[in-house]
Amino acid sequence: MRKAGTVVLFLAPSFVPLAMFTLAPMVGSLWVALHDWNLISPMQWVGLDNFGDLIGDSNTWRAFGNTLYYIAGYLPLVFAGGLAAALALNTALRGRSVFRAAYFLPVVTSWVVVALVWKWLLNPSSGVVNEVLGAIGIDGPGWWTDPVWAMPSVILASAWKDVGFVMVILLAGLQSIPAEYYDAARVDGASTWKRFRHVTLPLLSPSSFFVVVISLINGFQVFDQVFVMTGGGPAGSTEVVVQQIYDLTFRYGRAGDASALSWLLFAVVLIVTAVQVRIQRRWVTYA
């Protein structure tokens, strides 16, 4: 009992806030998902009707489609950018500390600030990006005002902000690879590309796996940049799942549907993460 009491004492500072601000709201949202509620009138029990209505709603599928579109563009871009930055900063580069701080600075910057800055940079009429493109004879697109270019605008801003986080994780993984492996590969006549392919990538796979899983989860939860830059428009081209949850709750007063959609999103994220954990043994090398 003394040992159990000690364990409880040490876990309490973490478990109590977790239970109050995470577990309890999750249970509450599941209860709301089983009701019809407009945040004002008393809740009315509807069972699983909210889930059925959402699954049969084309707007739900469009939101999930837009979210997958975002992930398909964001994940490769942020991973490639983070890996390139990590490889560059893992060399004997002068002023590495300054570059590390510069790359990581956007990560700790508020999403609202970053989204507003990129919205200004990508302004079709007066943005810096289109001004530069115009100076070299290229007619810049409409960016966040164009249904075709709105999501790429959000992806570009998101990757720019998060590439520093990926860089830090992958840089730690690179610095944990023993130099003896590279020396042995050089003795065997391996080129730079072969050392990267057969030494760096396999031994970096645990860090890469972590980055992929975290980035996938963050991708499914994308909201801030969409809300600030496009508000889900134009014409619903950037309306992601969390944006739809927000709209259902605060614009349309359908808290039950919004909670049900939250649990559908949770189920999708859980399944995708479980699949990633399941297949990691095929490409992740821990030894």
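Going along each chain's sequence as written, the residues are numbered from 1 onward. Two thresholds apply to this predicted model, a pLDDT of at least 70 for residue-level local features and 80 or more for giving and counting side-chain atom pairs, whereas whole-chain, interface and lining totals are computed over all residues. Computation of side-chain values: all heavy atoms of the structure, hydrogens and water removed.

Asker: Explain the nonpolar core here, please?
Answerer: Considering soluble globular proteins, one finds that nonpolar side chains tend to be buried as a cluster. Among the nonpolar cores identified, the biggest contains 60 residues, and Y70, W118, L170, M229, V241, L261 and L265 are the most heavily contacted of them. Among residues more than four places away in sequence, those in contact with L265 are F64, F220, V241, V242 and I245. For our purposes a nonpolar core is just a set of buried Ala, Val, Leu, Ile, Met, Phe, Trp, Tyr and Cys residues, chained together by side-chain atoms within 4.5 Å. Only protein chains enter the accessibility calculation, which uses a 1.4 Å probe; a residue is then buried when its area is under 20% of its type maximum, exposed when over 50%, and partly exposed in between. Note on contacts: a residue pair is in contact if any heavy atoms of the two residues lie within 4.5 Å.

Asker: Is there a simple way to think about the pattern of salt bridges in this case?
Answerer: Charged atoms that come close allow side chains of opposite charge to pair. What makes a salt bridge here is a side-chain nitrogen of Lys or Arg within 4 Å of a carboxyl oxygen of Asp or Glu, nothing more. Using the criterion set out here, one finds four salt bridges in the structure. In this structure, the salt-bridge partner of R251 is D247, at a minimum N-O distance of 3.8 Å. Taken as a pair, R251 and D247 lie in helix α12 (residues 241-251) at a separation of four residues, close to a single helical turn. Residue classification places R251 among the exposed residues on the basis of a relative accessible area of 55%. In this structure D247 comes out as buried when scored by relative accessible area, which is 5%. Strands are runs of DSSP state E lasting at least 2 residues, helices are runs of H or I lasting at least 4, and numbering of each runs from the N terminus.

Asker: What is the right way to read the packing of aromatic side chains from this model?
Answerer: The relation between two aromatic rings is expressed through the spacing of the ring centres and the mutual angle of the planes. Pairing of aromatic rings covers Phe, Tyr and Trp, the last counted by its six-membered ring, and requires centre-to-centre distances within 6.5 Å; plane angles under 30 degrees mean stacked, over 60 mean edge-to-face, and any other angle means tilted. Overall, the coordinates contain 11 aromatic pairs when judged by the stated rule. With a centroid separation of 5.8 Å and an interplanar angle of 50°, the aromatic rings of W31 and W45 are classed as tilted. You can see W31 sitting in helix α1 (residues 2-33) and its partner W45 sitting in strand β2 (residues 44-45), a full 14 residues away along the chain. Given a relative accessible area of 55%, W45 falls into the exposed group. With a centroid separation of 6.2 Å and an interplanar angle of 65°, the aromatic rings of F209 and W283 are classed as edge-to-face. Residue F209 is located in helix α10 (residues 205-220), and its partner W283 is located in the segment after α13 (255-279); the two are separated by 74 residues in the primary sequence. Classification of F209 as buried rests on a relative accessible area of 11%.

Asker: What am I meant to see in the environment of P202 here?
Answerer: The topology assignment puts P202 in helix α9 (residues 192-203). Assessed through its relative accessible area of 25%, P202 is described here as partly exposed. For P202 and L83, which are 119 residues apart along the polypeptide, the C-alpha to C-alpha distance reads 14 Å. Filtering out sequence-adjacent residues up to four positions away, P202 remains in contact with F196, R197 and T285.

Asker: Would you explain the environment of L204 in this entry?
Answerer: As for its placement among the helices and strands, L204 is situated in the loop between α9 and α10. Here the alpha-carbon distance between L204 and G189, two residues 15 residues apart in the chain, equals 21 Å. Apart from the residues within four sequence positions on either side, L204 is in contact with L83, L170, G173, L174 and I177.

Asker: What is the right way to read unusual backbone geometry from this model?
Answerer: Peptide bonds are mostly trans, and most non-glycine residues show a negative phi. The linkage connecting G233 with the following residue, P234, adopts the cis geometry, with an omega of -10°. Here the phi dihedral of L39 falls at roughly 75°; this positive angle occurs in a residue that is not glycine. Inspection of the secondary structure puts L39 in the loop between β1 (35-36) and β2.

Asker: Before we go on, may I ask you to explain α9 in this structure?
Answerer: Helical geometry note: an α-helix holds 3.6 residues per turn, so side chains three or four residues apart project in the same direction. In this analysis, the expected span of each helix is defined as 1.5 Å times one less than the number of residues it contains. Taking 1.5 Å as the rise per residue, α9 with 12 residues should run 16 Å; its terminal C-alpha atoms sit 16 Å apart, in good agreement. Where α9 is concerned, the buried positions are R195, F196, V199 and T200. Along the long axis of α9, the arc covered by the buried residues comes to 120°, so they all point the same way. What points out from α9, more than 90 degrees from its buried face, is the exposed set W193 and H198. The arc in question is the one spanned by the directions pointing from the helix axis to the C-beta atoms.

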